Each structure stands twice: as structure tokens, then as C-alpha cells.
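The primary structure of each chain is shown beneath.
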There are 2 protein chains.
Amino acid sequence: MALALLEALRRRDVLADHVRTIADAEAMARLGTYDVLVLDRRLPDGEGLDLVAALRQRRHPVPILVLTALGTVDHRVNGLDSGADDYLAKPFAIEELLARLRALQRRGPALSDRYLSFGNLSVDPRSSEISIAGSLVEFPRREYLVLEALMRRPNRIVTRPNLVEAVYALEDEIESNALDAHISRIRKKLLLAEATVEIRAVRNIGYLIRTKA
Amino acid sequence: MALALLEALRRRDVLADHVRTIADAEAMARLGTYDVLVLDRRLPDGEGLDLVAALRQRRHPVPILVLTALGTVDHRVNGLDSGADDYLAKPFAIEELLARLRALQRRGPALSDRYLSFGNLSVDPRSSEISIAGSLVEFPRREYLVLEALMRRPNRIVTRPNLVEAVYALEDEIESNALDAHISRIRKKLLLAEATVEIRAVRNIGYLIRTKA
DNA sequence: CTGCGTGTAATGTAGCTGCAATCTTTGGCT
DNA sequence: AGCCAAAGATTGCAGCTACATTACACGCAG
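Residues numbered from 1 in each chain as written. Chains lettered and ligands numbered in written order. Predicted model: local features only at pLDDT ≥ 70, side-chain atom pairs only at ≥ 80, totals over all residues. Heavy atoms only, no water.

Participant: What am I meant to see in the interface of chain B and chain A here?
Facilitator: When the parts of a complex come together, some accessible area is lost, and that lost area is often taken as the interface size. At the interface, 43 residues of chain B touch 43 residues of chain A. Of the roughly 3,700 Å² buried between chain B and chain A on both sides combined, carbon and sulfur atoms contribute 45%. Of all residues in chain B, Arg-106, Arg-107 and Arg-156 of chain B give up the largest surface area on contact with chain A, accounting jointly for 20% of the area buried on that side. If you look at where chain B meets chain A, you find 10 salt bridges. (Contact = heavy atoms within 4.5 Å. Buried area = accessible area lost by both parts, 1.4 Å probe. Salt bridge = Lys/Arg side-chain N within 4 Å of Asp/Glu carboxyl O.)

Participant: Please explain empty space enclosed by the protein as it appears in this structure.
Facilitator: Under the counting rule described, the total for this entry stands at two cavities of 30 Å³ or more. In this structure, the second largest cavity occupies an estimated 70 Å³ of space. Together, Asp-85, Ala-103, Leu-104 and Arg-107 of chain A together with Asp-85, Ala-103, Leu-104 and Arg-107 of chain B line the second largest cavity. Elements supplying a minimum of two residues to the lining of the second largest cavity: α5 (94-107) of chain A together with α5 (94-107) of chain B. The class makeup of the residues in the lining of the second largest cavity is four nonpolar, no polar and four charged. (1 Å grid on protein atoms, 1.4 Å probe; cavity = no way out; pocket = protein on both sides within 12 Å on 5 of 7 lines; lining within 4 Å. Points joined across faces, edges and corners; volume = space filled by probe spheres on them. Helix = DSSP H or I, 4+ residues; strand = E, 2+ residues; numbered from the N terminus. Nonpolar A, V, L, I, M, F, W, Y, C, P; charged D, E, K, R; others polar.)

Participant: Whenever I open this one, the packing of helix α1 (residues 2-11) of chain B against α5 of chain B confuses me. Can you help?
Facilitator: Residue and element names in this part refer to chain B. Between α1 and α5, the shortest axis-to-axis distance is 11 Å and the interhelical angle comes to 65°. Judged by the twist between their axes, the crossing of α1 over α5 is right-handed. Note on element contacts: α5 touches α1 through Ile-94, Leu-97, Leu-98 and Leu-101, opposite Leu-5, Ala-8 and Leu-9. For the contact of α1 with α5, the residue count by class is seven nonpolar, no polar and no charged. (Axes fitted to C-alpha atoms, helices over the stretch in contact; angles between N-to-C directions. Left-handed = near helix turned anticlockwise from the far one by under 90°.)

Quick look at the structure:
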């Protein structure tokens, strides 16, 4: 069905990408470059609504349309209340789906947490820009990803595996202390820019970001 | 039915007002103090969709849900394409309507645009014209397409694949650094015209346009 | 024929990033 | 308290690769 949908979209000059798993979808949603997300409830690695909830918890503003074979009123209410913007039960007419996508795209992303702010540090996930004490500070890609992941949960522990996943999402790498190295480099920059936050290690678990004593 | 709906809303502590005619609805919409508008297609003084179209033409950003007894796919597509954000056919479950209203209210009003302006650069997609610092600058087609794609999301990353698709839509795509070459040429023009914006590469992901430091 | 637009390729370059070697800190244990 | 092993921190280095730029050839339009 996904392929048929892709074909229909392409025929109408709609640019679309397709992945099969929640994990991949999450990684791509993080890029933040999509106008709309179309999601099936049943996916190989879990329940689509969980992804909706996860994205919304992080204040991800992308409009989401959920497709499903589960068509009862309760399912629809659940779907919408989990944070989706529209909910369409199969079977449906392609034309209706397209019209609903147009409606969502027209409306655009929700006004979002444009910035993840904590202490005097602020991260704009859309542009991948970080400013400290009001001035822009350049971070290379990997360092940025680590810092963003930490900033999404200030004051809370982010596990090592989580961080690795955030940084190396689709790729497969790392058999060294590369992550530690990144952390170290980030710390150096934070110090240099006189950030009021610091990154603390939690032995055997991961890291967390918090305000400096 | 409106009265039953009002009662249901009231029972859930949702504040709602009710009018019977398009004229009244338009007047109240002008006040701009509502989170969501619920509209029936058949109204005493006309067709509900006309009001939708009229509001949208004036760039009114309020989310609109259209209710109707007309339930065919074509009706739904028409309704959505006239500018409504959701479309629900009777009969419907009150709970679903409420969930959809919550979804719309959550998302908030749309931002109106259609004129791509950023820094001292402005793009008119209709005429494919670009002006920098107030004066018109000629861009060849491919360069224009790249720049427009970037300007549709100022300050946000546009992925390489997206850019490629934006430029080469259906045509056979490329297998070289043609995109990079375009970017380079665009940059040269931006510099020459003293634009206050610049195009930044985001390693491994794509490009974004932002205001110059 | 001429000029512009565009794809391709060659070349240059910067700086990211993984790795490993070395220090420092931590926490558990006696 | 003191010690030790393991985890974390730091840093230099080298390879790499993605990006930038330029030159060039081809093709199409006027």
C-alpha cells in the first residue's frame, strides 16, 4: 500500500520519502524537513501511535496523519488524542487522503518549541543552531546531535545507548570512546562560551545536562 | 443538531457560541477570538464552503471543521480543498467530533504566507522573480529552483534529496555535484548583489539559508 | 554563430571524527 | 582510610570525505 501511495503522490509532484519502521521514521522526523507525516498504526517494530506520542512529547510540530484499519470511533478518538492531526480509516479513497494531506500541509507545522532553552543555552533543532549567552556558537554535526539530545531532556539522564543512537541513527559506527570524545569537545566549547550549564556523567548509565552550581 | 452539539460541548466545559447564518458567522469570525470554527455546509443563507473560501481568501487563519450530510469522497475533497482543515460527514459520533476539535485547537491558527521574504531577499513563486535589496536579479531556472526551495524554509535545513527533487522533479536526475555547482553559482550572485543572507552547508544533510552574521 | 545555462569532472581544502594513548576520577571493597 | 580496578576525561593525530570552486564541453535558443 505504501508503494501505491508513493506512486500516487509522485504522480502529483508531491515529494515523499518512505521508511518501514518506527525507528527509521523517528530518525527522519528528527531532520525536521517534512511538511506532513503519514503513519500507519501497525508497524513492524511497534505501534504507530507510540511514535506520535513520542514526537509530541518532544514538541515535534510536524502535522501527522494516521492511517489504520482500526476504524471504530474509540480508535479514532485515541489516535487524535495521542497528538495526531488527522485520522483516516482504511479503506479510503486516495483522493480523500491527498485532500487531507493538502489541508495539513496548507496549515503548516504547529508553532513549536522553536527553541530548546535551558540555562543560557538555546538550541534550534530546525536550523541546527546553538546559541550560548545570546551569541551563536558553531558546533560540528556530531557534537550538535549529542548536545541536542541532552537538551531535549534537561536535568534528566540520557543513557549512553540513547546518545549513541541519537548521533549515529542510521549508520553503524563506534567501537571506541568516540562519544566521550564528543562530550569532551562540547564541554570545552561550553566553557569557552561561558555557558551556565554543564554536562555531568552518570557512571555506568549516561549523561545529563544541568545548570552549573 | 446544533443545539445538541452545544449541549455536549458545554457539558465538557468547552465555550461555544452558535449562529445560524453565514452572515452572522462571518461577523463573528472577524472578531478573531475563536479557536475553532464548526460549519455546516447547508445554511439558511447559502453554502458553507463559500464562507470558508471567503475567509481563506482574506487569509483568515482560524481552523475550520466542516460538517455535512454530503458524504461522498468528492464532497470531502471539495470541502478540504476550499480551505477547511477537517471534514466530517454525518452521522458522526460526538466523541469523534470532539477529538477532532481538540486536534485542531491544539494545532492552533495557521500562519499566513505565500510571499517568500527573508533578509533583503524576496522570492515571488508566481512570477519566479527574485529581488535582492529591492532590485530584481536574474537567476537561471535551476538556480532559481534551488533558491526557492531554500527560501520556503528559511533557517531550516533542506535535505540534499529534497533539493535534488525540487530541481529535477520528474526528469532524470544527476550523478555528479551539479547541485553543489548550483549552490556555488547562487552564492556568487548573492555576494555580488550584497544579500544579507547566506547559504550554509550542513554536513551530510543538506543546506539552509539564513541571515548573515 | 554566439552566448548562456547546465552537467561533469578535476582539483583543492578544511575540518570533522574516530582512535588510541594517557591521565584523572570514582566507587566499591577490605 | 586506603587501594585498585574500571569508567570517564582529555588530547594529539591522521585519514578521510563532503563540500567549494573552477574550468570545460555540450546543447539549445535567439
